[in-house]
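# Structural characterization, general
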Amino acid sequence: MSSGRPWPDIRPGPMGAFGAWWRRRSDARRVEDFTYAMPQSSHQQEFETPLPSAVYGLDFQVKFTVVYRLDLHTGLRHHAPRSAAINSIMQRARAISSQAMLVHHASLQHQLGDELADERQVPDTHVWARAESVKVSVDEGDLEMARKHVELLRNSTIRHAERELERTEIRYLRDEVLTDVGTATIWWLQRNGYQVERAVELAGTIKELVRIAQQTSDPHWAESLVSSFEKALPRLEEGHRRDLRQHLAKALSVYGGSSVAAEFADQVGLPAGEQHLNGHV
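The following paragraphs examine the structure supplied in this document. (Residues numbered from 1 in each chain as written. Predicted model: local features only at pLDDT ≥ 70, side-chain atom pairs only at ≥ 80, totals over all residues. Heavy atoms only, no water.)

## Some remarks on the side chain of Thr49
Secondary-structure assignment places Thr49 in strand E1 (residues 41-52). A relative accessible area of 9% means that Thr49 is categorised as buried. In this structure, Thr49 is in contact with Phe60, Gln61, Val62, Phe64 and Met90, ignoring residues within four places of it in sequence. (Helix = DSSP H or I, 4+ residues; strand = E, 2+ residues; numbered from the N terminus. Buried < 20%, exposed > 50% of the residue type's maximum accessible area, 1.4 Å probe, protein only. Contact = heavy atoms within 4.5 Å.)

What follows is the structure in structure tokens.
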């Protein structure tokens, strides 16, 4: 008897149900086998550029190959991926080269080769970049200027150390030796084989020296500033006294301007321009 439906009122048996399940499973496998995966494209670009050294105006010449790929799975995009990759490598290289002296160009090549070989994602893009075949060269004229600059720095450091030693000796004599006749006389005896009779003969001279050393005039404000800090920190090591002056100079530069900081540096014996440094020479 007909049910009035357009298809037969027949249900599949157990074998028919199993066959239908197997066909559905096979179809699903075929779909998985042909699922499309977006490929990652890889590119290379040779690039050459000057990079700054630690001394303004003296540059390294750097050549490298930028290797970059596009990861389309990130969901991010950049309209100029090649420029993004090159710029990223340049920024990484500049951060390293700007801390190096031109005379260290050979070691810089290996440092850049090591650091830039690490593949990194360019922030907020689908670009990953690294560099290989890094070559660093320098102009011979610039290299000679760099050597002279290093020599000037060395001489400046030596002169500063000599002046600081003189200032230390003067402070010692004024503040600890020539404070009174008795202290000055004992100091003289210790350094001259305890020639008592000779010390008696020099008593008038020693007394005059003490008087002259204790004559005070209005000190420069920079010297007073340093003296106040050193009195507040009597156990400050000699090696830290220069650090103290540098910190004071930097504070004066921020709040008083470069001219005030320069005057302070000149009075307390800091090399020119050191008031702008963050504790590095």
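## A look at the packing of helix H4 (residues 140-177) against helix H5 (residues 181-191)
When two helices pack together, their arrangement is given by the angle between their axes and by how far apart the axes lie. For the pair H4 and H5, the least separation of the axes is 9 Å and the interaxial angle reads 125 degrees. Regarding the angle of H4 to H5, the classification is oblique. The segment H4 lies against H5, with Tyr172, Leu173, Glu176 and Val177 engaging Thr183, Ala184, Trp187 and Arg191. (Axes fitted to C-alpha atoms, helices over the stretch in contact; angles between N-to-C directions. Parallel < 35°, antiparallel > 145°, perpendicular 65-115°, else oblique.)

## Details of the pattern of salt bridges
For the structure shown, the criterion picks out 10 salt bridges. Among the ionic pairs, Asp118 bridges to Arg120, the shortest N-O distance being 3.3 Å. A relative accessible area of 40% means that Asp118 is categorised as partly exposed. Among the residues examined, Arg120 registers a relative accessible area of 39% and is labelled partly exposed. (Salt bridge = Lys/Arg side-chain N within 4 Å of Asp/Glu carboxyl O.)

## Examining the nonpolar core
Among the nonpolar cores identified, the biggest contains 31 residues, and Phe60, Val62, Phe64 and Leu112 are the most heavily contacted of them. Of all the elements in the fold, those that place two or more residues in this core are strand E2 (59-70), helix H2 (81-97), helix H3 (105-116), strand E4 (127-137) and H4. By residue number, the principal contributor to this core is H2, which donates 7 residues. Residues in contact with Phe64, not counting those within four places in the same chain, are Gln45, Glu46, Phe47, Thr49, Ile89, Met90, Ala131, Glu132, Ser133 and Val134. Leu244, Leu248, Ala249 and Leu270 belong to the second-largest nonpolar core, a separate cluster that totals 11 residues. (Core = buried A, V, L, I, M, F, W, Y, C linked by side-chain atoms within 4.5 Å.)

Any functional reading would require information beyond the geometric quantities listed.
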